[in-house]
Amino acid sequence: MNKRIAPLAPARSEALKAAYARAVAATRRRTILSLVAIAVLAVAAGFAAEVKPLVLTGNIGNFTSYLGQILPGLTLANIRGDLAEWYWGLPKWAALLGETLLMAYLGTLLGGLAAFVLCFGAAANLARTRLGCFLTRRILEVLRTVPEIVFALIFVIAFGLGPMVGVMALAIHTAGALGKLFSEVVENIDMKPVDGLTASGATHVEAIRFAVLPQVLSNFASYGLLRFEINVRGAGVMGFVGAGGIGQELLVAIRNFYYTDVSAILLMIIATVMVIDLATERLRHRLIGSEGTR
Amino acid sequence: MSDPLRARRQAVDTAALTARYPEVFRTPWATRLVTLGSLGCVAGLAAFAMWWLDFSAARILNGFGRLGEFALLMLPPSAEDRFPAFLGALAETLGIAFLGTLTAALFAFPVAFLAARNVVPNVFVHFVVRRGFDVIRSVDVLIWALIWINVVGLGPFAGALAIACSDFGALGKLFSEAVESADRKAGEGVTAAGGGSLDRVRFGLVPAVLPVLGSQVLYFFESNTRSATIIGIVGAGGIGQYLTELIRVLELQQVSFIVLMILVTVAVIDLISGRLRRVLIGGERR
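Residues numbered from 1 in each chain as written. Chains lettered and ligands numbered in written order. Predicted model: local features only at pLDDT ≥ 70, side-chain atom pairs only at ≥ 80, totals over all residues. Heavy atoms only, no water.

Lay out the overall build of chain A in plain terms, naming residues and giving numbers.
Summing up its helical and strand segments, chain A has 11 helices and 0 strands in all. Along its sequence from the N terminus, chain A presents helices and strands in the succession α-α-α-α-α-α-α-α-α-α-α. Relative to its length of 294 residues, chain A is extended, with a C-alpha radius of gyration of 28 Å against a globular reference of 19 Å. Residue burial in chain A is summarised as follows: out of 294 residues, 43% are buried. Considering only contacts within chain A whose residues lie at least 6 apart along the sequence, 74% involve residues at least 24 apart. (Helix = DSSP H or I, 4+ residues; strand = E, 2+ residues; numbered from the N terminus. Rg over C-alpha atoms; globule rule 2.2 N^0.38 Å. Buried < 20%, exposed > 50% of the residue type's maximum accessible area, 1.4 Å probe, protein only. Contact = heavy atoms within 4.5 Å.)

What follows is the structure, given as C-alpha cells:
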C-alpha cells in the first residue's frame, strides 16, 4: 500500500491557500475588532467609574496591611486564651448567624411558595390567556430586577427595623427569580400527560396536580435549594440597612475598625456559606440524580 | 368544563376499578408518612422562624397601610430637574459593572485552568485553588465594597474593585467547571501530534471553552448591572447612592423615577447581551 498521494494542481492549491489565508485574516480581523471595542469600552468605563490606578498602586499596601490587621494575634503558647479573646462575642454572633439562616430559610420558603403559585400562569404552555401570561411575566421581572436590599430599604421605613423586613425583602426578590426559573421548567415538560388528563375531563388544577407536578417537583426543589444558598449570602448583608441578621454587627465592626471582630465574623459567615454550599450541592445532585434514574 | 365531558367522567366506575386493582390506587402508608413528615418539618421550622424573627400581624398590617401610602406618593415618577445627575450616576453604574466584570474575567481565566482537574492533575493544587474561589465567593459584594473603601476611599472605583473581587470567585468556579466538561479528544489529538501540555491547553482546550466562557461573562455583566445599582448603599458609587439618600428622605417620586431608569437600563443590557450570547454560542455550533 505504498501509494504516493498525488499533489494538487498548482492553480488549485494556490486558490485553496488564498481562500484559507482569507478566512484566517477575516477571523483575525474580527478578533482584533472585538478586542479594540472591548478596550475602548473599558477605557470609557474607567472614566465613568473614576478609576485611579495610582491610588490603587499607592494604597495597595493598605489592603495587605488591612488583611494583616484584621487577623488576630494567635500564639501557640496561649492558643485557648487567644481564641477566646478573638471570639469574645461568640454567643451573640452565633445567635445572629442563626437568625440570618432562619431569615434565608423563611425568605426562600415564602418566596418559593409565591413563585409556585405564579409560575403556572407565566408558563406559555399552561397559561389560559395570553394577557395573563404577559402580565405575570412582567410582574416577576419587576420583582427580580429590583435588588432585595432596595426592597429592604423601603420596607424598613414602612415596617420598622428588624429581621421580619429582611425576610419580606428576600421573599419578594426570591418570588421573582424563582418564578422565572420555575416557569421555564414548566415550559419544558412533556405535554402528553396534560393532554391525557384534560381529555379525560380533568380541570386545570387537577391537570397541574397530576400531570405537571410529578414532572417538575424535583427541579423546583433543586432551584429552591440553589436560591436558599444565594439567600444565605443576601441575608448576611441585610443588616447593612437595618433589616436583621449578622450584617449589622459586621458593618459596625468594619466602620469602627474593630479589626479582629471583622475577621471573626467574616470567618463565621464564610464557613457557614461554604457548609450550606456543599450541603445543598450534594442534595441537589441527589434530587437530579434520582430524577435521571427514574 | 363542557357537559359531555362531565358525563363521560361519571361513566367511569371508579369504585369498581378500585376494588379490582387496589394496589394501584393505594398509596403505601410509608410514603405517605414520609411526605407528611417532611411537610410537617418544613412548616414547623417556618413557624419557629416566624416566632424567632418577631413576625407580628399588627406590624405587617400597619406596614402595608404605609406601603400603600408610599405607592401613592411615588406617582407620578419625576426627576425634578436632576435627570442629568441621575444619568451620570447610571453611566457610572454601567462603568462599574463593565470594568468589574472585565477585570474579574481577565484574572479568573488563567487561574481557572489551575482549578480544572483535566489540566492540573495535582489534587492538592486544584483543591487549594477551588477552596480559594469558594472563600472569595462567599463574601458578598457589599462586604467587599466596605473593605475596598478602606483602601481606595469612597467612590465608584471601590465598587468596581468589589465587583471584580466577588466575581473573580464566581467566574473562576464556573470557568473551571466549563474547562473540566470540555471534550478531551481535541487535547489528546494535540498531544498525539507532539504538542506539549501548554500547547494542549492553548489549541485543545481554549478554543473549545472560549464561547462558553464568553457567554458566562456576558451573563455576569447582566447580573452585575443589577448589583452595581446597590453598591452605592455603602458609598461605593453608582446610582445606589442617590437611591439610598432619596429613600431615606422619602423623596418617593424621584425614587420611582430612578427605579424605572434602572428597569429600562437592565432590560436594554439584557437584550444586547442576550443577542451577543446567541451569536457566541451559535457561531460555535456552525
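Go over the pattern of salt bridges with me, naming the residues and quoting the values.
Tallied over the entire structure, the rule returns 14 salt bridges over all chains. Ionic pairing is found between R233 of chain A and E229 of chain A, a salt bridge with its closest N-O pair at 2.5 Å. Here R233 of chain A and its partner E229 of chain A are both found in helix α9 (residues 204–238), 4 residues apart, which amounts to about one turn of the helix. Summarising the burial analysis for this pair, R233 of chain A and E229 of chain A share the class buried. For E180 of chain B, the salt bridge identified is with R130 of chain B, shortest N-O distance 3.2 Å. Placement of E180 of chain B in helix α9 (residues 156–180) and of R130 of chain B in helix α7 (residues 123–138) is noted, with a sequence separation of 50 residues between them. One network of salt bridges, in which partners are shared, links D277 of chain A together with R131, D134 and R137 of chain B. (Salt bridge = Lys/Arg side-chain N within 4 Å of Asp/Glu carboxyl O.)

Break down the interface of chain A and chain B for me, with residues and values.
Residue-level contacts link 66 residues of chain A with 64 residues of chain B. Buried area between chain A and chain B, both sides added, is near 5,700 Å², and the carbon and sulfur share of it is 77%. With a closest N to O distance of 2.6 Å, D277 of chain A and R137 of chain B form a salt bridge. Examining the composition of the side of chain A that touches chain B, we find that 8 residues originate from one element, helix α6 (residues 148–159) of chain A, more than from any other. Split by residue class, the side of chain A that touches chain B holds 48 nonpolar, 8 polar and 10 charged. (Buried area = accessible area lost by both parts, 1.4 Å probe. Nonpolar A, V, L, I, M, F, W, Y, C, P; charged D, E, K, R; others polar.)

Please give an account of the packing of aromatic side chains that cites residues and values.
A complete count under the given rule lists 16 aromatic pairs over all chains for this structure. When the ring of F116 of chain A is compared with that of F120 of chain A, the centres are 5.4 Å apart and the planes differ by 85°; the resulting orientation is edge-to-face. On the criterion of helical spacing, the pair formed by F116 of chain A and F120 of chain A is a turn pair, its members being 4 residues apart in helix α4 (residues 90–122). With relative accessibility at 9%, the residue F120 of chain A sits in the buried group. Ring geometry for F133 of chain B and F168 of chain B: centres 5.5 Å apart, planes at 65°, overall edge-to-face. In this pair, F133 of chain B sits in helix α7 while F168 of chain B sits in helix α9, placing the two residues 35 residues apart along the sequence. Residues F133 of chain B and F168 of chain B agree in their burial class; the two are buried. (Phe/Tyr/Trp six-rings, centres within 6.5 Å; stacked < 30°, edge-to-face > 60°.)

An account of the domain arrangement of chain B is needed here, citing residue identities and associated values.
Taken as a whole, chain B is organised into domain 1 (14–74) and domain 2 (83–285). Here the C-alpha centre of domain 2 of chain B lies 37 Å away from the C-alpha centre of domain 1 of chain B. (Domains from an automatic or database assignment.)

Give a detailed account of a nonpolar patch on the surface, specifying residues and quantitative values.
Where nonpolar side chains cluster on the molecular surface, the patch consists of V264, V268, L271, I272 and L276 of chain B and spans about 470 Å² of accessible area. Mapping L271 of chain B onto the fold places it in helix α13 (residues 252–285). (Patch = residues over 30% accessible without salt bridge, like charges linked within 9 Å, V, L, I, M, F, W, Y side chains within 5 Å. Areas by Shrake-Rupley, 256 points an atom, 1.4 Å probe, with all protein chains shown as cover.)

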